[in-house]
Amino acid sequence: MLVVITETIEQGHRTAASLLGQSIKKNPTLRIGLAAGNTPIGVYQSLVDLHRSTHLDFSGVEFFSLDEFLGLPSTSSKSYDAFFHQHLFRHINADPAHIHLLTGEPPGDMVSYCHSYERLIHDRGGIDVQLLGIGINGHLAFNEPMSSFRSRTRVSLLSAETRETLSPTFNETAVPEWAVTIGLGTIAEARALLMLAFGKEKAKAIAKAVEGPLTAAIPASSIQLHPNAVVILDPEAAGDLKFKKYYQQQSSHLAMLLPRGLA
Ligand code: GLP
């Protein structure tokens, strides 16, 4: 695992966007798994900047999503579908036929829908780069604690702490109880993982995920098993890590370690 501690959050955003940009230049048909949440918003802004300033071309790139709230139509401003359009798709030259987001209103039965999403990822050739945030309880996508490391796309019952964290986003309305999420096993099959965490409220979860034991109690600890995982942190999110001296060395040699992006 390559752990990069940037001096500021903005630098973290730019580092992630530049790694993604290099990967797209290397492979114009890159398949990216997108994460929602506050953490990657600045990365999407930096990608939009790269599109505007360097004509980074998204026309061949395919997009998948990690998760979605069940019961929310894509037209709801609270849906992750709306989030991705607001922060990314509206501002770049993505081909609508290449946007494959999980829906909160699946057609037919849920089990078949989840299978069909897995099949779609597989049939399109798999995810090359999966962007990830982390929940304060160590969740990955909506794989809550005690999810199997081999879990696949399925329905997830949101934990009380996750719903509480999400409540400001939902203002007066109730946070959904249920979500659909790709599994930890699905995430593990992506060719590269790019996890981001900023701020001190993420420090404990990051220390457990990056340096703690592999355990289903911290779903994000599953990334330790991935052969090509990059974790970008600001100093606050890195605050509880014990092996910083190794990570700082890695950060300063990033261009050497990943000369052509992630995957
Ligand atoms: C949310 C999402 C995750 C996200 C994580 C962190 O609940 N399901 O995909 O990565 O929790 O969110 P944030 O970046 O807002 O802290």
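Rules used in this analysis
- The residue numbering used here restarts from 1 in each chain and proceeds along that chain's sequence as written.
- The model is predicted, so local features are restricted to residues of pLDDT at least 70 and side-chain atom pairs to those at 80 or more, both for listing and for counting; the totals for chains, interfaces and linings are taken over all residues.
- As a rule here, side-chain values come from all non-hydrogen atoms in the structure, and water together with hydrogens is ignored.
- Each aromatic pair joins two rings of Phe, Tyr and Trp (for Trp, the six-membered one) with centres within 6.5 Å, and gets the label stacked for planes under 30 degrees apart, edge-to-face for over 60, and tilted for any other angle.
- In this text, helices come from DSSP runs of H or I with a minimum length of four residues, and strands from runs of E with a minimum of two, each type numbered from the N-terminal end.
- For every residue, the accessible area (1.4 Å probe, protein chains only) is compared with the maximum for its type, and the residue is labelled buried under 20%, exposed over 50%, or partly exposed between those bounds.
- Between any two strands, at least two bridges found by DSSP are needed for them to pair.
- Interaxial angles span 0 to 180 degrees and are taken between N-to-C directions of axes, which are lines fitted to C-alpha atoms, for helices over the stretch in contact.
- Between Lys or Arg on one side and Asp or Glu on the other, a salt bridge is scored when a side-chain nitrogen of the former is within 4 Å of a carboxyl oxygen of the latter.
- Among buried residues, the Ala, Val, Leu, Ile, Met, Phe, Trp, Tyr and Cys ones that are joined through side-chain atoms within 4.5 Å form a nonpolar core.
- Note on definitions: a residue-residue contact is assigned when non-hydrogen atoms from the two residues lie within 4.5 Å.
- Note on definitions. A residue lies near a molecule or strand when any single heavy atom of the residue is within 4 Å of it.
- Residues adjacent in sequence count toward polar contacts only when both atoms are side-chain atoms; beyond that, a polar contact is any pair of N or O atoms within 3.5 Å, and within protein one must be able to donate a hydrogen and the other to accept it.
- Using a 1.4 Å probe, the Shrake-Rupley method yields the accessible areas, and only the shown protein chains count as cover for residues.
- As a working rule, the residues Ala, Val, Leu, Ile, Met, Phe, Trp, Tyr, Cys and Pro are called nonpolar, Asp, Glu, Lys and Arg charged, and the rest polar, with Gly in that last group.

(A) Representation of the packing of aromatic side chains in the model. With the rule as written, the count across this model stands at twelve aromatic pairs. Relative to Tyr80, the ring of Phe69 has its centre 4.7 Å away and its plane inclined at 50°; by these criteria the two rings are tilted. Of the two residues, Phe69 is situated in strand E4 (residues 67-69) and Tyr80 in helix H3 (residues 80-87); the sequence distance between them amounts to eleven residues. A relative accessible area of 1% places Phe69 in the buried class.

(B) Summary view of the sheet that holds E4. Within the open sheet, the three strands sit side by side as E4-E8-E7. Their pairing is antiparallel. Only two strands of the sheet have a single partner each, and these edge strands are E4 and strand E7 (154-157). Taking each pair of neighbouring strands and ignoring which way they run, the sheet shows an average axis angle of 30°. Across three bridges, E4 lies against strand E8 (residues 178-181) in antiparallel orientation.

(C) Spatial organisation of the pattern of salt bridges. Scanning the entire structure with this criterion turns up five salt bridges. Ionic pairing is found between Glu62 and Arg124, a salt bridge with its closest N-O pair at 3.0 Å. Residue Glu62 is located in strand E3 (residues 62-65), and its partner Arg124 is located in the loop between helix H4 (110-123) and strand E6 (129-132); the two are separated by 62 residues in the primary sequence. Shared partners join several salt bridges into a network, and the residues in it are Arg31, Asp128 and Arg191.

(D) Structural detail: the nonpolar core. Within the largest apolar cluster, 87 residues are counted, with the highest numbers of intra-cluster contacts made by Phe63, Phe89 and Leu194. Per-element tally for this core: the top contributor is strand E9 (residues 192-197), with six residues. Discounting residues that sit within four places of it in the chain, Phe89 has contacts with Leu34, Phe63, Phe84, Ala94, Ile99 and Leu101.

(E) Here's a closer look at the sheet that holds strand E2 (residues 31-34). Here seven strands make up an open sheet; going across it, the order is E1-E10-E9-E6-E2-E3-E5 and the pairing parallel. In this open sheet, the two strands that pair with only one neighbour each are strand E1 (2-5) and strand E5 (99-100). Sheet topology note: the E6/E9 ladder contains four bridges and is parallel. Pairing of Val129 across the sheet is with Ala192, part of E9. Together, E3 and E5 form the strand contacts of H4, whose direction differs from that of E3 by roughly 150°.

(F) Looking closely at the site of the ligand. Around the ligand sit 13 residues in total, of which Asn38, Thr39, Asp67, His139 and Lys202 are the nearest. Contacts to the ligand include Thr39, whose side-chain N or O atom sits 2.5 Å from an oxygen atom. In the environment of the ligand, an oxygen atom lies 3.5 Å from a nitrogen or oxygen atom belonging to the backbone of Gly133. For the ligand, the protein covers 89% of the area, taking 390 Å² as the surface of the free molecule. Looking at side-chain class alone, the shell around the ligand contains six nonpolar, five polar and two charged residues.

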